[in-house]
Structures are given as structure tokens and as C-alpha cells.
Amino acid sequence: MTSHTAPMAASEPPPPVARTITIGSQHLEGILVTPASSIGLVIFAHGSGSSRFSRRNTFVAERLQKVGFATLLFDLLTPDEAQDRTNVFDIPLLSDRVVEAIATARLDLATRDLPIGLFGASTGAAAVLIAAALSPDEVTAVVSRGGRPDLATGHLDRVRSPTMLIVGGADHEVIKLNRAAMKQMTCVKGLRIIKGAGHLFEEQGMLEEVINDALFWFCSHMDVSAIDKF
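Because the structure is a prediction, the values reported are computed rather than measured. (Residues numbered from 1 in each chain as written. Predicted model: local features only at pLDDT ≥ 70, side-chain atom pairs only at ≥ 80, totals over all residues. Heavy atoms only, no water.)

1. Here's the deal with the overall build of the chain
- For the chain, the helix and strand inventory stands at seven helices and eight strands.
- Its C-alpha atoms give the chain a radius of gyration of 18 Å, within 12% of the compact-globule value 17 Å for 230 residues.
- A principal-axis box enclosing the C-alpha atoms of the chain has dimensions of 80 × 40 × 30 Å.
- Going through the 230 residues of the chain one by one, you find that 53% of them count as buried.
- Summed over its atoms, the accessible surface of the chain is roughly 11200 Å², and 54% of this surface lies on carbon and sulfur atoms.
- In the chain, which carries 21 positive and 25 negative side-chain charges, the distance between the mean positions of the two groups comes to 5 Å. (Helix = DSSP H or I, 4+ residues; strand = E, 2+ residues; numbered from the N terminus. Rg over C-alpha atoms; globule rule 2.2 N^0.38 Å. Buried < 20%, exposed > 50% of the residue type's maximum accessible area, 1.4 Å probe, protein only. Areas by Shrake-Rupley, 256 points an atom, 1.4 Å probe, with all protein chains shown as cover. Lys, Arg positive; Asp, Glu negative; His and termini not counted. Charge placed at Lys NZ, Arg CZ, Asp CG, Glu CD.)

Here you go:
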């Protein structure tokens, strides 16, 4: 009698590990997700009025995790600080918090050796650009989504990390601000205007375009290759 053994199915990679961490002296809460064999870490800074639960940033982060990037979404302000709307636009404060997040990642066993990219949205883009200027040896690449890099004026010419600015084609005023900021930057840089997208990229398929551009930029400048997995 001939026995037939069914071929073994390829084993699925283990799911990413998600855990809550605290950042800095204010013990800001963050969600760190680390896939198996992470290829890099992307730290997110949300825009005004959002938190670590930002729907759009979470969507972007989940797609990056699928190709092997660890992600860190965290609150830039304490609950008490968030009650004061002026803090939402305190860019030096927010950038200090991003620097603290970078330092925390360098102390964590799961991320301490990973190349770090920063992803900023709206006012969070200014915060990550200043953080990149302050931490040139730590930040490998920066992506801004619908960002306000003009709020980082005074630091833009000190950014050394390759930076991609992504703006919606219908976001006319922000396009002007991004173009003006580009003129001040001396690093490797790019400006991507996504036709038909508004400030929040809520139109169908627009956020996916942001993800594709961000993935290409991070993979190109963080010494990783994950585009074939996307």
C-alpha cells in the first residue's frame, strides 16, 4: 500500500507583538508594535487634536507592520496638557517629546538596534523635523503627511535625514507652505503631491498612496528592502 503524505503548509509568521510603553519624564503612553524580525522602527507624531489612537496613523502603521516595520504611536501630551489648546501648537514641546520617544526606543530591547524613521502628520510633521535636526545620528528618514514643515523654520536647514513631504493636490495653501519649506532644506528631499487628495487624504485610495510613498521612502533610506512584500 502506498501512503501519501500531504505537503506541509508553509508556516505563518507569528503575529506582531503589541504592548503599551511609557515615554519620558511625563510617562506618556505609547503603543509599540514589533513584528517578528523587525526591519526598522517608524515613530509617529500625530497632528493637533489627535492621540496615539489616531485612525489615519493607525491605518498607516498597520500596513507598515505587515512588511516588517515596528511602529510606535504615542501621546505627545499628558491628559492635563491636552486640555490647554495652546500646547497642541507648542512645536518645541512636541519635538522634545519625539526626541524622548527616540531615546525610549534606544533603551528597549526590541528596538534598540533598529534604524529609526519618523512619520509626522499636520503639526506633528514640524515636531519630527525638529527632532530629526536635534538627533541627526538617530533618525534615518522622515516622512510628512499633510504636514506643516513651515512651523519648523529655524531648524529646517539643520535636518540631515532624507525627508519626503507628501501633500494632497487639493490642499493648496499647505502645498505653498511645503514648497517654501523645501527651499530651506539642504538634505536629500522630495515633494509628492497626490492629485485629488485633500488635507486629510480621506478620499478613496488616497491614504493608500501615502502608504506606498512612505514605504518607498523608508525602504530606500533605512537600508531595508520590503517593497516586494507590500
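2. So, the environment of V60
- Here V60 lies in helix α1 (residues 55-66).
- Expressed as a C-alpha distance, the spacing of V60 and V143, which sit 83 residues apart in the sequence, is 12 Å.
- Among all residues touching V60, those that are not within four sequence positions of it are F44, F119, L207 and I211. (Contact = heavy atoms within 4.5 Å.)

3. As for the packing of aromatic side chains
- What the rule picks out here adds up to two aromatic pairs.
- Measuring from ring centre to ring centre gives 5.0 Å for F44 and F119, while their planes differ by 40 degrees; the resulting arrangement is tilted. Remark: F119 occurs in strand β5 (residues 116-121) and F44 occurs in strand β3 (residues 40-45); sequence separation between them is 75 residues.
- Relative to F218, the ring of F69 has its centre 6.3 Å away and its plane inclined at 55 degrees; by these criteria the two rings are tilted. On the criterion of sequence distance, the pair formed by F69 in strand β4 (residues 69-74) and F218 in helix α7 (residues 206-221) is long-range, its members being 149 residues apart. In this structure, F69 and F218 share a single accessibility class: buried. (Phe/Tyr/Trp six-rings, centres within 6.5 Å; stacked < 30°, edge-to-face > 60°.)

4. Comments concerning the side chain of N178
- Here N178 shows up in helix α6 (residues 172-184).
- Look at N178 and you get buried, because its relative accessible area is 0%.
- When residues no more than four places from it in sequence are discounted, the contact partners of N178 are G147, P149, L165, V167 and L191.

5. Points about the packing of helix α4 (residues 91-107) against helix α5 (residues 123-134)
- Contact geometry of α4 with α5 gives a least axis separation of 8 Å together with a crossing angle of 60 degrees. The pairing of α4 with α5 is recorded here as oblique in orientation. Here α4 and α5 pass one another in a crossing that is right-handed. Mapping the contact onto sequence places I91, L94, S95, V98 and V99 in α4 and T123, A126, A127, V128, I130, A131 and L134 in α5. (Axes fitted to C-alpha atoms, helices over the stretch in contact; angles between N-to-C directions. Parallel < 35°, antiparallel > 145°, perpendicular 65-115°, else oblique. Left-handed = near helix turned anticlockwise from the far one by under 90°.)

6. Some points on the pairing of strand β2 (residues 28-34)
- Summarising burial for β2: five of the seven residues are buried, a large majority.
- Note that strand β1 (residues 17-23) and β2 share seven bridges and pair antiparallel. When the bridges of β2 are listed, A18 appears paired with V33.
- Summarising the sheet, β2 and β4 pair through four bridges and their orientation is antiparallel. (Pairing = 2+ DSSP bridges.)

7. A few points about the layout of surface pockets
- By volume, the largest pocket is sized at about 230 Å³.
- Lining the largest pocket are 16 residues, and of these H46, S50, S51, L77 and A82 sit closest to its centre.
- Elements that contribute at least two residues to the lining of the largest pocket include exactly α2 (79-82) and α3 (85-88).
- Here the lining of the largest pocket is built from residues that sort into six nonpolar, eight polar and two charged.
- Every residue lining the second largest pocket is counted, 13 residues in all, and those nearest its centre are P13, P35, A36, Q65 and K66.
- Here the lining of the second largest pocket is built from residues that sort into eight nonpolar, three polar and two charged. (1 Å grid on protein atoms, 1.4 Å probe; cavity = no way out; pocket = protein on both sides within 12 Å on 5 of 7 lines; lining within 4 Å. Points joined across faces, edges and corners; volume = space filled by probe spheres on them. Nonpolar A, V, L, I, M, F, W, Y, C, P; charged D, E, K, R; others polar.)

8. Description of α7
- Across its 16 residues, α7 extends 23 Å between first and last C-alpha, which sits within 8% of the 22 Å expected from 1.5 Å per residue.
- Every buried residue of α7 is listed here: M206, L207, V210, I211, D213, A214, L215, W217, F218 and C219.
- Phi turns positive, to about 60 degrees, at D223, one or two residues after α7. (Expected span 1.5 Å × (residues − 1).)

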